[in-house]
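Tertiary structure, described
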Amino acid sequence: LTLQEYNGEWIKDVIDNAIKIKSNINKYGDILKNKALIMFFEKTSTRTRCSFEAGMTQLGGHAIFLDWKTTQLKKASLKDEIRCIEMYADIVMARVFKHETLLEMAKYMKKPLINALCDKYHPCQALGDLMTIKEKKGKLTGLKLAYMGDGNNVCNSLIIGCKKMGIKISV
């Protein structure tokens, strides 16, 4: 949910595997065969939706889009909705306004939950940025990153990711 849960070796493995899959997508075209990702969108996004749906499709799985406006998520108990909906998924992704919503979801779930953005963190963006840096620079450890922008969710996740990967970051 934040990248704080993982050590640098886990982050390195995720990035290395993503680069390997990206470089030979045909070899991994069925790695998620018969797997379903449920995507909850309280906060809208074009790129996040497209990237998760395309990724699931390219790897043989299926993504199911649900938003807060066209479901019972605003009306019903989040606890009840999550417990029911996760029965249809192998993994769940949520893009929400408040981090507390993710914590509540995670409390009631047994399946893995991906934070696709909240007010405090944006771990998928940070992993994508670190992956791009590794692809361009060939390494992560020992580099220095200058972050220019708001001290927001992306910044918070980059600080965590950089620290765990041995990158100095100036904000």
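Numbers given to residues run from 1 along each chain, matching the order in which its sequence is written. In view of the model being predicted, local features appear only for residues whose pLDDT reaches at least 70, and side-chain atom pairs are presented and counted only at 80 or more, with totals across whole chains, interfaces and linings using the full set of residues. As a rule here, side-chain values cover all heavy atoms of the structure and leave hydrogens and water aside.

1. A closer look at the overall build of the protein chain
The helix and strand inventory of the protein chain stands at six helices and six strands. The globule rule used for comparison is 2.2 Å times the number of residues to the exponent 0.38, while the radius of gyration itself is calculated over C-alpha atoms. The globule rule puts the C-alpha radius of gyration for 171 residues at 16 Å, and the 17 Å found for the protein chain is close to it. Categorising residues by exposure relies on relative accessible area from a 1.4 Å probe, with only protein chains included: less than 20% of the type maximum marks a residue as buried, more than 50% marks it as exposed, and the intermediate range marks it as partly exposed. Burial analysis of the protein chain (171 residues in total) assigns 40% to the buried set. In the protein chain, once contacts between residues fewer than 6 apart in sequence are set aside, the share between residues at least 24 apart is 64%. Of the roughly 10,000 Å² of accessible surface on the protein chain, 52% is carried by carbon and sulfur atoms. Here the protein chain holds 28 positive side-chain charges and 18 negative ones, and the gap between their average locations is 4 Å. Secondary structure is summarised from DSSP: a helix means a run of H or I of at least four residues, a strand means a run of E of at least two, and numbering begins at the N terminus for each. Residue contacts follow a heavy-atom distance rule, with two residues in contact if any of their heavy atoms lie within 4.5 Å. We get accessible surface area from the Shrake-Rupley algorithm with a probe of 1.4 Å; when it comes to residues, only the shown protein chains can shield them. Under the counting rule used here, the positive set is Lys and Arg, the negative set is Asp and Glu, and His together with the chain ends is not counted. To locate a charge, take atom NZ for lysine, CZ for arginine, CG for aspartate or CD for glutamate.

2. Quick look at the packing of helix H1 (residues 8-23) against helix H5 (residues 123-137)
For helices, the fitted axis covers only the stretch in contact; all axes are lines through C-alpha atoms, and the angles between them, taken along N-to-C directions, range from 0 to 180 degrees. Here H1 crosses H5 at 65 degrees, and the two axes come no closer than 10 Å. Viewed along their axes, H1 and H5 adopt a mutual orientation that is roughly perpendicular. Regarding H1 and H5, the two cross each other, and that crossing is right-handed. Across from Ile11, Val14, Ile15, Asp16, Ala18, Ile19 and Lys22 in H1, the residues of H5 making contact are Leu127, Leu130, Met131, Lys134 and Glu135. Small angles under 35 degrees read as roughly parallel and large ones over 145 as roughly antiparallel, with 65 to 115 read as roughly perpendicular and the rest as oblique. Helix crossings fall into two classes, left-handed where the near helix is turned counterclockwise from the far one by less than a right angle and right-handed where it is turned clockwise.

3. Concerning the nonpolar core
We call a set of buried Ala, Val, Leu, Ile, Met, Phe, Trp, Tyr and Cys residues a nonpolar core when their side-chain atoms join them within 4.5 Å. In terms of nonpolar packing, the biggest core is built from 37 residues, with Phe40, Met105, Leu113 and Leu130 touching the most fellow members. Elements with a minimum of two residues in this core: H1, strand S1 (36-41), helix H3 (78-85), strand S3 (91-95), helix H4 (99-108), H5 and helix H6 (153-165). When residues no more than four places from it in sequence are discounted, the contact partners of Leu130 are Ile11, Ile15, Leu140, Gly161, Cys162, Met165 and Ile167.

4. Quick look at the packing of aromatic side chains
The description of an aromatic ring pair rests on the distance of the ring centres and on the angle between the ring planes. Any pair of Phe, Tyr and Trp rings, taking the six-membered ring for Trp, is counted once the centres come within 6.5 Å. Such a pair is stacked with planes under 30 degrees apart, edge-to-face with planes over 60 apart, and tilted for the rest. Summed over the entire model, instances satisfying the criterion amount to three aromatic pairs. Seen in terms of ring centroids, Tyr6 and Trp10 are 3.6 Å apart; in terms of plane orientation they differ by 10 degrees. Their pairing is stacked. Judged by centre distance (6.0 Å) and plane angle (75 degrees), the rings of Phe40 and Trp68 are edge-to-face. Placement of Phe40 in strand S1 and of Trp68 in the loop between strand S2 (62-67) and H3 is noted, with a sequence separation of 28 residues between them. Comparing Phe40 with Trp68 shows no difference in burial state: the two are buried. Lysine and arginine charges are scored as sitting over a ring when NZ or CZ, respectively, is within 6 Å of the ring centre and within 35 degrees of the ring normal. The ring of Phe65 carries the charged tip of Arg49 above its face, separated from the ring centre by 3.7 Å.

5. Side note on the pairing of strand S4 (residues 113-117)
Counting buried positions over the five residues of S4 gives four, a clear majority of the element. The pairing of S3 with S4 spans four bridges and is parallel. Its bridge partner lying in S4, Arg95 is registered against Leu117. By definition, the crossover connecting two strands over a helix is right-handed if that path, from the first strand to the second, turns clockwise as seen with the strands pointing away from the viewer. At this point the chain moves from S3, through H4, to the parallel S4, and the crossover so formed is right-handed. In this analysis, strands are considered paired if DSSP registers two or more bridges between them.

6. What to know about the sheet that holds S1
One open sheet accounts for four strands, arranged S2-S1-S3-S4; its pairing is parallel. A single partner strand is all that each edge strand has here, and the edge strands are S2 and S4. Recorded for the sheet is a direction-independent mean angle of 20 degrees between the axes of neighbouring strands. Relative to S4, H4 is tilted by about 170 degrees, and along the sheet it contacts S1, S3 and S4.

7. Some points on H1
For H1, which comprises 16 residues, the first-to-last C-alpha distance of 22 Å matches the rise-based estimate of 22 Å (1.5 Å per residue) to within 8%. Within H1 the residues assigned to the buried category are Gly8, Ile11, Ile15 and Ile21. One side of H1 holds all its buried residues, which, seen down the axis, span an arc of 165 degrees. Here the buried face of H1 lies against H5 and H6. Expected span of a helix, by definition, is 1.5 Å for each gap between consecutive residues, and there is one gap fewer than residues. In this description, one arc is meant: the one made by directions from the helix axis to the C-beta atoms.

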